[in-house]
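Chains, contacts and geometry: an overview
Chain by chain, the residues run as shown.
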Amino acid sequence: MDPGWKMYQERRKSMEDHYPPSLKRISEETAFYLSKNSDQTQIFSLYKSILATQIAYLDKIHVSVTLPEEQLKNNFRNKKFVLSSQKLDIDNEIFKGVMSSICQAIKKESPMAPDPLLRLSLAEEFSKGNIDGFLNSIALLNKDELINFIETNEMDKRTGLDSEIIAFVIFMSLSPFYSALMKEVLKKTDFAIWRQGYCPICSQAATIAQHRKDDGARVLECWLCHARWIFPRMECPYCHNTDQKTLRFFYVSGDKARQVHVCEKCKKYLKTIDSKVLGRDVLLGVEAIGTAYLDQLAEKEGYRPPSRAAIDIKKGAR
Ligand SMILES: [Zn+2]
Ligand SMILES: [Zn+2]
């Protein structure tokens, strides 16, 4: 086989078949971090446990993509993400099943987690008559918007849980549905045309990227549905600034591969793993947790995480 073609096929496969990763691979990747810092044992156990729950449900979820291939491509050309033009039918029973399992996983891995977590799925939002309306209202919210929604509707007060925990559980329970949709879309078309800093499926802003080991291409990944797409390295994914004098990156000495790329124009940052420097491609879900120190550093330097920008970005897309 022509080596160029073989490489192309392999790259295409790595863009499409990356999710879900095997549990073995996840354990290997987290072991690397734990060998450096055992303080993260609990958070990685929790991460693995939630991911295992999501993966177990993925096969039970059946969603369909209503738009034909040409329409999807046209939308991508016009910066329109998939869920801006189609609704996702979420099976209420499966959703509640995922949610209960995730709450149990959290309680098991962190016994200090509040007890009302185990009763979250009994909240009135998730009752038969309310759940569809609830899922519709929150479908495209980013983290800050969802927390705000929960507090406005006093869901936190009624359930006795912190709004951040409720938002986290909801996102983690939606994730397998969005991933299922992402995988269905990939059967029709890839994301080669997509050139935005937010996700082509669910519109969440990408918060982490990696420079691919093979060719150094910058691959962004959505933390919610796990879509992956390529974005030019010399451009800010959030404001599209290409002035190289205002784009730079920094890292903590001793770990050149784990970088923070910042834009002086919009003051946002993107955590980036340089897999070429590292010599191997990584799992961005694991890296996102392991590099929490880079978030602290970036914010201390006056940069903002991209999630807070999602409202403006989405308005521009609609
Ligand atoms: Zn997404
Ligand atoms: Zn920017």
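Residues numbered from 1 in each chain as written. Chains lettered and ligands numbered in written order. Predicted model: local features only at pLDDT ≥ 70, side-chain atom pairs only at ≥ 80, totals over all residues. Heavy atoms only, no water.

1. With respect to the coordination of the zinc ion (ligand 1)
Test applied: In this description, a donor is an N, O or S atom within 2.8 Å of the metal centre, a cutoff extended to 3.2 Å for sodium, potassium and calcium. Water is not part of the atom list, which can make sites seem incomplete. Labels for metal geometry use angle windows, namely 85 to 135 degrees for all angles of a four-donor tetrahedral site, and for square planar (four donors) or octahedral (six donors) sites opposite donors over 155 degrees apart plus all others within 65 to 115; sites meeting none of these are irregular. The cut-offs for exposure are 20% and 50% of the maximum accessible area for each residue type, with area from a 1.4 Å probe on protein chains only; residues under the lower value are buried, those over the upper are exposed, and the others partly exposed.
Each protein donor to the zinc ion (ligand 1) is listed here as C199 (SG), C202 (SG), C222 (SG) and C225 (SG); together their distances run 2.3 Å. Here the zinc ion (ligand 1) is ringed by four donor atoms whose angles at the metal span 94 to 126°, and the overall shape comes out tetrahedral. All donor residues of the zinc ion (ligand 1) come from one chain, and their arrangement in sequence is C-x2-C-x19-C-x2-C. In terms of burial, C222 and C225 fall into one category: buried.

2. A look at the nonpolar core
Short version of the rule: Here, the term nonpolar core denotes a set of buried Ala, Val, Leu, Ile, Met, Phe, Trp, Tyr and Cys residues that are joined through side-chain atoms within 4.5 Å. Runs of H or I in DSSP of at least four residues are treated as helices and runs of E of at least two as strands, each being numbered from the N terminus. Boundaries of every domain are those given by an automatic assignment or by a domain database. Throughout, a residue-residue contact means that at least one pair of heavy atoms, one from each residue, lies within 4.5 Å.
Formed by 82 residues in total, the largest nonpolar core has its most connected members in F126, I170, F191 and I201. Secondary structure elements with two or more residues in this core: helix 2 (23-36), helix 3 (41-58), helix 4 (69-77), helix 5 (92-109), helix 6 (131-138), helix 7 (143-152), helix 9 (163-188) and helix 11 (284-290). Residue contributions to this core reach at least three from each of two domains, namely domain 1 (38-188) and domain 2 (208-317). Excluding residues that lie within four positions of it along the chain, I201 makes contacts with F81, V82, L83, Y178, L181, M182, V185, F191, C225 and A227. Counting seven residues, the second largest nonpolar core, distinct from the first, contains Y269, L294, A298 and Y303.

3. Quick word on the pairing of strand 1 (residues 208-211)
Formally: Two strands form a pair only when DSSP identifies at least two bridges running between them.
Neither face of strand 1 is exposed, since I208 and Q210 on one face and A209 and H211 on the opposite face are all buried. Here four bridges tie strand 1 to strand 2 (residues 218-221), and the two strands are oriented antiparallel to one another. Each residue of the ladder has a partner; that of I208, found in strand 2, is E221. Between the antiparallel neighbours strand 1 and strand 2 lie six residues, among them G216 with a positive phi of about 75°.

4. Some points on the confidence of the model for the protein
Do not read the fine detail of predicted coordinates wherever pLDDT is low. For clarity, the threshold we go by: Per-residue confidence from the prediction method is given by pLDDT, with values spanning 0 to 100.
Residues at a pLDDT of 70 or more form 94% of the protein, whose mean pLDDT is 92. Overall, residues 308-318 carries pLDDT values under 50, and its contacts beyond four positions in sequence, including any with other chains, amount to 19 contacts.

5. As for the domain arrangement of the protein
We apply this condition: Buried area: the sum, over both parts, of the accessible surface (1.4 Å probe) that disappears when the two are put together. A carboxyl oxygen of Asp or Glu within 4 Å of a side-chain nitrogen of Lys or Arg is what we treat as a salt bridge.
Under the domain assignment used here, the protein contains domain 1 (38-188) and domain 2 (208-317). Taken together, both faces of the contact between domain 1 and domain 2 bury some 1500 Å²; the carbon and sulfur share is 67%. Here domain 1 is connected to domain 2 by zero salt bridges. Listed by contribution, the elements that provide at least two residues to the side of domain 1 that touches domain 2 are helix 3, helix 7 and helix 9. Per-element accounting of the side of domain 1 that touches domain 2 gives the leading share, five residues, to helix 9.

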